[in-house]
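Notes for the structure review
The primary structure of each chain is shown beneath.
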Amino acid sequence: MKKDMANAIAVETRQVGKKFGSVTALDGIDIRVGSGEFVALMGASGSGKTTLMNILTCLDTASSGEVWLDGVNAATLDEEGRREFRARHIGLVFQQFHLIPYLNALENVMLAQHYHSVVDQPSARAALELVGMEHRLEHLPSQLSGGEQQRVCIARALVNRPPIIFADEPTGNLDEENENRVLDIFEKLHAQGHTIVMVTHNPVLGHRAERIVYLQHGRIVDAPEAISATARQTNGSRAFAMAASESARP
Ligand SMILES: Nc1ncnc2c1ncn2[C@@H]1O[C@H](COP(=O)(O)OP(=O)(O)O)[C@@H](O)[C@H]1O
Ligand SMILES: [Mg+2]
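A brief report on the enclosed structure follows. (Residues numbered from 1 in each chain as written. Chains lettered and ligands numbered in written order. Predicted model: local features only at pLDDT ≥ 70, side-chain atom pairs only at ≥ 80, totals over all residues.)

Within the protein, the regular secondary structure consists of 9 helices and 10 strands. Looking at the protein as a whole, 41% of its 250 residues are labelled buried. (Helix = DSSP H or I, 4+ residues; strand = E, 2+ residues; numbered from the N terminus. Buried ≥ 20, exposed ≤ 12 C-beta atoms within 10 Å, placed from the backbone.)

Attention shifts here to the packing of helix 5 (residues 146–158) against helix 6 (residues 176–191). Direction vectors running N to C along helix 5 and helix 6 enclose 20 degrees, while the axes themselves pass 10 Å from each other. Overall, the two elements helix 5 and helix 6 adopt an arrangement that is roughly parallel. Crossing hand, helix 5 versus helix 6: right-handed. Of helix 6, the residues touching helix 5 (which contributes Gly146, Gly147, Gln150 and Ile154) are Asn178, Arg181, Val182 and Ile185. (Axes fitted to C-alpha atoms, helices over the stretch in contact; angles between N-to-C directions. Parallel < 35°, antiparallel > 145°, perpendicular 65-115°, else oblique. Left-handed = near helix turned anticlockwise from the far one by under 90°. Contact = placed C-beta atoms within 7 Å.)

Now for the sheet that holds strand 2 (residues 23–34). In spatial order, the strands read 2-1-4-5; together these 4 strands make up an open sheet with antiparallel pairing. Strands at the two margins of the open sheet, each flanked by one partner only, are strand 2 and strand 5 (72–73). (Pairing = 2+ DSSP bridges.)

As a further point, take the site of ligand 1. In the vicinity of ligand 1 lie 13 residues, with Phe20, Ala25, Lys49, Thr50 and Thr51 positioned nearest. Where the shell around ligand 1 is concerned, the elements lending two or more residues are strand 2 and helix 1 (49–56). Per element, the largest residue contribution to the shell around ligand 1 is 3 residues, and it comes from helix 1. For the shell around ligand 1, a count of residues per class yields 4 nonpolar, 7 polar and 2 charged. (Near = placed C-beta within 6 Å. Nonpolar A, V, L, I, M, F, W, Y, C, P; charged D, E, K, R; others polar.)

For the rest of this paragraph, the subject is unusual backbone geometry. Non-glycine residue Asp70 carries a positive phi angle of around 45 degrees. Locating Asp70 in the fold gives a position in the loop between strand 4 (64–69) and strand 5. We note that His98 has phi near 50 degrees; this positive angle belongs to a residue other than glycine. Tracing the sequence through the fold places His98 in the loop between strand 6 (90–93) and helix 3 (105–115).

On to the environment of Glu148, then. For Glu148, the location among the structural elements is in helix 5. Here Glu148 falls in the buried class, since 21 other C-beta atoms lie within 10 Å of it. Spatially, the C-alpha atoms of Glu148 and Leu174 are 9.9 Å apart, while their sequence positions differ by 26 residues. Those residues in contact with Glu148, other than ones at most four positions away along the chain, are Met133 and Arg136.

Written out as structure tokens, the structure is:
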């Protein structure tokens, strides 16, 4: 997580493919994300963004090719090993918040520590402070706005101090003001040395990353012409963007 690790590779895929029955969701994906880089992943709905994120976060396995995370070949990890690796190395933020409704903000963040088998209230508070939620520790999710709930989710993703943050459409359910707040937090985390990979439909948000990787029909493409046209369209129509992203699995 330190800046002097700038030459290290945080995420690397070699010819990653994924098939769901006869559907080829990913085809020969080669990406490299340096330690401390902030990368946006963009592409039309159905282009394979969530499938790729699931594989990069060890929630799913590739049908072919290799995935390396912080120098570890994901194929060498069994299910328990993947869970442990995720807990130590990876923070996840989704479009849907997945907060436990009967636990308050602090408890939701501490629950993530619980999975990591260390419960430490001061670090849970510190994570909530980092996202500007120190004044809402005892609020239940239902007593928080969407933007506030997403900030609790980011605190939850950060509490175990993972070097890499993966976010799949983290602002898909938020208004523009809260989109910007979430991006402000990601920029702050990036400045602190975190590696960030963020999927977004929104080109304005994508351009706040250092680099954009474009996916089209399960492949990486250089020329984003068709995609930015789609993204502009989706961005112009909030309702369509919401419907499109709702149909995608987290
Ligand atoms: N579990 C699954 N079973 C079958 N097909 C799937 C599954 N997950 C994704 N797909 C298909 O893979 C393609 C990529 O989907 P996805 O990764 O969700 O795209 P995106 O996140 O870019 O919208 C789509 O054609 C989708 O229908
Ligand atoms: Mg998706």
